[in-house]
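Fold and contact review
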Amino acid sequence: MTGSSGLIGSEAVTHFDAQGHDVVGVDNNMRRVFFGAAGDTLWNLDRLKQATKRFKHAELDIRDRAGIDELFKAHKFDLIVHCAAQPSHDKARDIPLMDFEVNALGTINLLEATRQNCPEAVFVLFSTNKVYGDAPNEIPMKELVTRWEYARPEDYDGVDETCRIDRTLHSLFGASKAAADLVAQEYGRYFGMKVGVFRGGCLTGPSHSGVELHGFLSYLVKMGVTGGKYSVFGYKGKQVRDNIHSYDVVRAIEEFAAAPRPGEVYNLGGGRGNSISMLEAIAKIGELTGRKMDWKYVDENRKGDHICYISNLSKLKKHYPKWGITRGIDSILEEMTASARVAAGPK
């Protein structure tokens, strides 16, 4: 598991360790480098060490090709779950070379190490809906009281995998992840390796070290609990995201690993049922915390940001009918609020 101290990586570590598998986690706490102390994931690493039985941690940078190759020579992996990334489209603007090295070069380092050392292994890459760039914003929209909504009935279930990924503005993060996405598909299709690509919507849960530049729901809950000020950027605060709990993400990995389809791509999010706008999320968190959230509106949207993005899950459900969403948006927010209260400590 790369990015094993992060949200999805740590959920996957816990899940597969509980099943009795030997799990090796690769994480060098780059989230702290990207986002400062608020992004530090060492707390989560400590939690994993205490909660697991067969987990081993490797303090390794995925840009270190020799180090990655040595790790793969020492372990004949059956499953590689690649979650490590520079995850912020805002941050990428400030560190374009590092962003590309981590997201694109790091991914091909892992793919090649897999091909050379354990070519029969299943490889899952966590991509992002940002590979679609601004293309989803071309879908006709209508403005409702608290959210933007798709105007046409045929778009109701959201964006599917036929959405183009080129000839559009992405953000540098979206471009580096698109490079990783394409090369992963190529290793699956060209080399016939068991590679799957999941284009995530908003992946969330209580183990997220959310910061302003990445992890909107986690950071929003944190601000609601602690009383910090939150900034909403553009689109009248009516921008919509679909949120998926990290447990349901790991279940998708598990289903793919049991019956891999080489080079296949899936959109992965909470779907229509777990969609929520910024205004709606602020109101719900206010209800859960018992106080009105302190927030301000900035009348300029983030560059490369989606107006309304809902993941169409039809393809994933068709290929893997045992998989489905088990955690609704209300229970996700309740769990995250309770976890944020514990993290904040006594008042």
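Above this text is the structure in question.
The rules behind these values
Within every chain, residues take consecutive numbers counted from 1 along the sequence as written. The predicted nature of this model means local features are confined to residues of pLDDT at least 70 and side-chain atom pairs, given and counted, to a pLDDT of 80 or more, with totals for whole chains, interfaces and linings taken over all residues. Excluded from the side-chain calculations are hydrogens and water; all other atoms, namely the structure's heavy atoms, are used. Secondary structure follows DSSP: runs of H or I at least 4 residues long count as helices, runs of E at least 2 residues long count as strands, and numbering of each begins at the N terminus. Two strands pair if DSSP finds at least two bridges between them. Axes, fitted as lines to C-alpha atoms, cover a helix only where it is in contact. Angles between the N-to-C directions of the axes lie from 0 to 180 degrees. Here, expected helix span is obtained from the residue count minus one, scaled by 1.5 Å. Exposure categories follow from relative accessible area, calculated using a 1.4 Å probe and restricted to protein chains: below 20% of the type maximum is buried, above 50% is exposed, and the middle band is partly exposed. Here the arc refers to the set of directions running from the helix axis out to each C-beta atom. Here, residues are in contact when the closest pair of their heavy atoms is within 4.5 Å. For classification purposes, angles smaller than 35 degrees are called roughly parallel, those larger than 145 roughly antiparallel, those between 65 and 115 roughly perpendicular, and all remaining angles oblique. Crossing chirality is assigned from the near helix's rotation relative to the far helix, an anticlockwise turn below a right angle marking it left-handed and a clockwise turn marking it right-handed. Each residue is assigned to one class: nonpolar for Ala, Val, Leu, Ile, Met, Phe, Trp, Tyr, Cys and Pro, charged for Asp, Glu, Lys and Arg, and polar for all the others, Gly among them.

1. Remarks on the environment of Gly-39
Structurally, Gly-39 is set in the loop between helix 2 (30–35) and helix 3 (42–51). Spatially, the C-alpha atoms of Gly-39 and Glu-101 are 20 Å apart, while their sequence positions differ by 62 residues.

2. Re the sheet that holds strand 7 (residues 194–200)
Spatially, the 4 strands line up as an open sheet ordered 3-4-7-11, and their pairing is parallel. Two strands lie at the open edges of the sheet, namely strand 3 (79–82) and strand 11 (264–268), each paired on one side alone. Pairs of neighbouring strands in the sheet enclose a mean axial angle of 20°, with direction left out of account. Bridging between strand 4 (residues 122–128) and strand 7 involves 7 bridges; their strand directions are parallel. Of the residues in strand 7, the one forming a bridge with Ser-127 is Arg-199.

3. Side note on helix 1 (residues 7–18)
Relative to the 16 Å expected for 12 residues at 1.5 Å per residue, helix 1 spans 17 Å between its end C-alpha atoms, a close match to the ideal helical length. Buried residues dominate helix 1, accounting for 9 of its 12 residues. Of all the positions in helix 1, only Leu-7, Ile-8, Gly-9, Ser-10, Ala-12, Val-13, His-15, Phe-16 and Asp-17 are classed as buried. One or two steps after helix 1, the chain reaches Gly-20, where phi turns positive at roughly 95°.

4. Some thoughts on unusual backbone geometry
Non-glycine residue Arg-167 carries a positive phi angle of around 55°. Within the secondary structure layout, Arg-167 lies in the loop between strand 6 (148–150) and helix 7 (172–189). The backbone of Ser-171 shows a phi angle near 85°, a positive value even though the residue is not glycine. You can see Ser-171 is positioned in the loop between strand 6 and helix 7. According to the relative accessible area criterion, Ser-171 is buried, its value standing at 15%.

5. Some thoughts on helix 3
Within helix 3 the residues assigned to the buried category are Asn-44, Leu-45 and Leu-48. Projection of helix 3 onto a plane perpendicular to its axis shows the buried side chains occupying an angular sector of 105°, all on one side. Exposed side of helix 3, more than 90 degrees from the buried face: Lys-49 and Gln-50 are the residues found there. On its buried face, helix 3 sits against helix 1 and strand 2 (55–58).

6. Here's the deal with the packing of helix 8 (residues 216–226) against helix 12 (residues 329–344)
Two numbers describe a pair of packed helices, the interaxial angle and the distance between the axes. Between helix 8 and helix 12, the shortest axis-to-axis distance is 9 Å and the interhelical angle comes to 55°. In terms of orientation, helix 8 lies oblique with respect to helix 12. Read as a crossing pair, helix 8 and helix 12 show a hand that is right-handed. Facing helix 8, whose interface residues are Leu-217, Ser-218, Val-221, Val-225 and Thr-226, helix 12 presents Ile-329, Ile-332, Leu-333, Met-336, Thr-337, Ala-340, Arg-341 and Ala-344. Across the contact of helix 8 with helix 12, the residue classes tally to 9 nonpolar, 3 polar and 1 charged.

Remember, this is a structural readout, not a statement about activity or role.
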